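Notes for the structure review
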Amino acid sequence: MRFRGRARKFGDHIDTDAILPGRYLTDWNRDPKSLGRHCFADFDPGFSSRVNPGDILVAGWNFGCGSSRQAAAAALKAAGISCLVAKSFARIFFRNAINIGLPAVECPDLVEEATEGDLLEVAVDEGLLVNVSTGHRYSAGAFPPVVLEILRQGGLVSYVRARLQAAER
Amino acid sequence: MGMTITAKILAKAAGREHVCPGELIIARVSKVICHDVSLAAFRELERMRATRVFDPERIAVTYDHFIPSPSVEAAEQSRALREYLTAYKIRRVYEVGRGGICHVVFPEQGFVLPGEVVVGSDSHTCTYGALGAVALGVGSADAAAAMALGEIWLRVPETVRVELIGQPRAPVGGKDVILSLLGRIGTSGALYKAIEFTGEGVGALEMADRFTICNMAAEAGCKNAIIAPDEITAAFLNEIGAGEGEVFASDEEASYADSHTIDCGTLAPLVACPPSPANVVPAQKLRGVRIDQAVIGSCTNGRLADLRVAARILKGRKVSAGVRLLVIPGSQATYLAALREGLLEAMAEAGALICPPTCGPCFGGHMGLLAEGEAAISTTNRNFIGRMGSPRAEIYLASPATVAASAVAGEIRDPREVLDG
Ligand code: SF4
């Protein structure tokens, strides 16, 4: 899994209400795609029109703190974000991102040095990151096998579906 | 190497003798808890093409967030959830009028026992750590996977040890203890970690205080909060007629990521100022901060012991003319007990509006939201911008005693002043 895209940079302690306000939560699972329009609706209203498919979100400490709403991670994915890099993620948000097939990589050094619009490359399997714009390379710890498998399957729903089907056979 | 209580419970659930912090394990899940907003998890269970759940008896569901239905849309969602519960044969369902707020109802009904691994599609699932269980809040896909497979992948967390010494002097209570910790370690002070509360001070706390403390530990970013079971835990389980579960305790030589001591005996009533639960100051310092609404309830402080504290302050006094006081018992059983004890009568006489058990205003859903420019003091657990209504309203978080005293004063007030005065 390799991603190449422009950095979209955010600060520290961005909470789930900022990523996706609670008023858009109603039964989102029926149409996750529609969530993209509401991503950062109050916090950064121009975000969904500015973002290009494949862009990489770059954020500070404790990204995604607050509620357990998986819709926040789904909104970022629906807006076109391909991969997340932060100094750290809030715990439930991190799981939610992986579980919807959105890689979330912790790499404080890259975040510190990257600026909005830098071209980034992330090789998830190896845990290697490159800021193509500056030429700097970084390494993050590689994900454990089960996490990589969930990401490869496109998320936990497909992962479990495959396991249940295999068990039936 | 010694293990913490959290590591021991996870090792057992993973079928292992020993686990170390940082290790990734697949743990068997003892219980899964859901509420009406967990409809998302059932939609995902369907997308997983799961035709059944791992064990219908080990899953419990309550209606608490959007109840009673404040909109047609909410009513439609509750109906959709009811259909899933029938389809998946889940019978442990707490309907409107027979249940209440998840983290109040499930322990009250003896659904969670010491030594279990509990997964819940709610960020305050860590509340059940008060019973000596490892309880984890997760998102909807994780909850769906746990229901389908009866297992969850997780990293064994490191533990932050919080030693409590001394005994809080009433009206100081569990809420002040956890606010004190949040003020000290901040909202990411225990990120990915377990928080273990230990020490002789724990023995001085009743279950209601322990639930409050473990509940709001979520605001420090922790994976789980936990208190090793003791006689008070055993007495609680015995009284409600639940089983004993399996009692674990940390080894003497267990290692910790960090360690803090809180002297409960010297704590003053505390308040978290907007917009962070870690923005904590003594109530006394906020004298003169005018409030429009006061809320007593939620999974943090909606238990009988909390209502007793509030009623003691409100009895024979009046809610200040400029203040709306909402009292929200955390469950139907709590409501009934408070009714029989005369607590609801005393509070209603003081001018409180007694509301049905619901999450309602706690997450800005309904039943008492705030207008622009208003300020509220509340026993709930989050004061983020917009959490209780308008993004331009301010939320202060405090104990039932401090909230009741402030409702009477019309401004934030140290409850000791009202009780003495
Ligand atoms: S009372 Fe508040 S914090 Fe507790 S479960 Fe309900 S919405 Fe969440």
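Please read all numbers here as calculations on a predicted model, not as lab measurements.

**Considerations on the overall build of chain B**
Per the secondary structure count, chain B includes 15 helices and 18 strands. For a compact globule of 421 residues, the expected C-alpha radius of gyration is about 22 Å, and chain B comes in at 20 Å, within 12% of that figure. Projected onto its principal axes, the C-alpha positions of chain B cover 60 × 55 × 40 Å. Of the contacts made within chain B by residues no fewer than 6 positions apart, 77% connect residues no fewer than 24 positions apart. Here chain B has roughly 14,800 Å² of accessible surface; of this, 49% comes from carbon and sulfur atoms. Between the centroid of the 40 positive side chains of chain B and the centroid of its 47 negative side chains there is a distance of 3 Å.

**Digging into the domain arrangement of chain B**
All names here are of chain B. Along its sequence, chain B is carved into domain 1 (5-264) and domain 2 (272-420). At the interface, 33 residues of domain 1 touch 37 residues of domain 2. In total, about 2,700 Å² of surface goes out of reach between domain 1 and domain 2, with carbon and sulfur atoms giving 65% of it. Broken down residue by residue, the surface that domain 1 buries against domain 2 is led by Ile 101, Pro 171 and Lys 175, which jointly contribute 22%. At the boundary of domain 1 with domain 2, the tally comes to one salt bridge. Among the ionic pairs, Arg 382 bridges to Glu 219, the shortest N-O distance being 2.6 Å. Our enumeration of links across domain 1 and domain 2 arrives at 22 residue pairs in polar contact (both at pLDDT 80 or more). Only helix H4 (102-108), helix H6 (174-185) and helix H8 (207-216) provide two or more residues apiece to the side of domain 1 that touches domain 2. Here the side of domain 1 that touches domain 2 is built from residues that sort into 13 nonpolar, 13 polar and seven charged.

**Section: the interface of chain A and chain B**
Between chain A and chain B, the contact holds 34 residues from the first and 38 residues from the second. Summing both sides of the interface, chain A and chain B together bury roughly 3,200 Å²; the carbon and sulfur share of this comes to 55%. Our count for the contact surface shared by chain A and chain B stands at two salt bridges. For Asp 142 of chain B, the salt bridge goes to Arg 95 of chain A, with nearest N and O atoms at 2.7 Å. Counting the contacts that link chain A with chain B gives 13 residue pairs in polar contact (both at pLDDT 80 or more). Where the side of chain A that touches chain B is concerned, the elements lending two or more residues are helix H4 (91-99), helix H6 (145-152) and helix H7 (156-168) of chain A. Along the lines of polarity and charge, the residues of the side of chain A that touches chain B split into 14 nonpolar, twelve polar and eight charged.

Cut-offs and rules
- Residues numbered from 1 in each chain as written.
- Chains lettered and ligands numbered in written order.
- Predicted model: local features only at pLDDT ≥ 70, side-chain atom pairs only at ≥ 80, totals over all residues.
- Heavy atoms only, no water.
- Helix = DSSP H or I, 4+ residues; strand = E, 2+ residues; numbered from the N terminus.
- Rg over C-alpha atoms; globule rule 2.2 N^0.38 Å.
- Contact = heavy atoms within 4.5 Å.
- Areas by Shrake-Rupley, 256 points an atom, 1.4 Å probe, with all protein chains shown as cover.
- Lys, Arg positive; Asp, Glu negative; His and termini not counted.
- Charge placed at Lys NZ, Arg CZ, Asp CG, Glu CD.
- Domains from an automatic or database assignment.
- Buried area = accessible area lost by both parts, 1.4 Å probe.
- Salt bridge = Lys/Arg side-chain N within 4 Å of Asp/Glu carboxyl O.
- Polar contact = N/O pair within 3.5 Å; in protein donor to acceptor, adjacent residues only side chain to side chain.
- Nonpolar A, V, L, I, M, F, W, Y, C, P; charged D, E, K, R; others polar.

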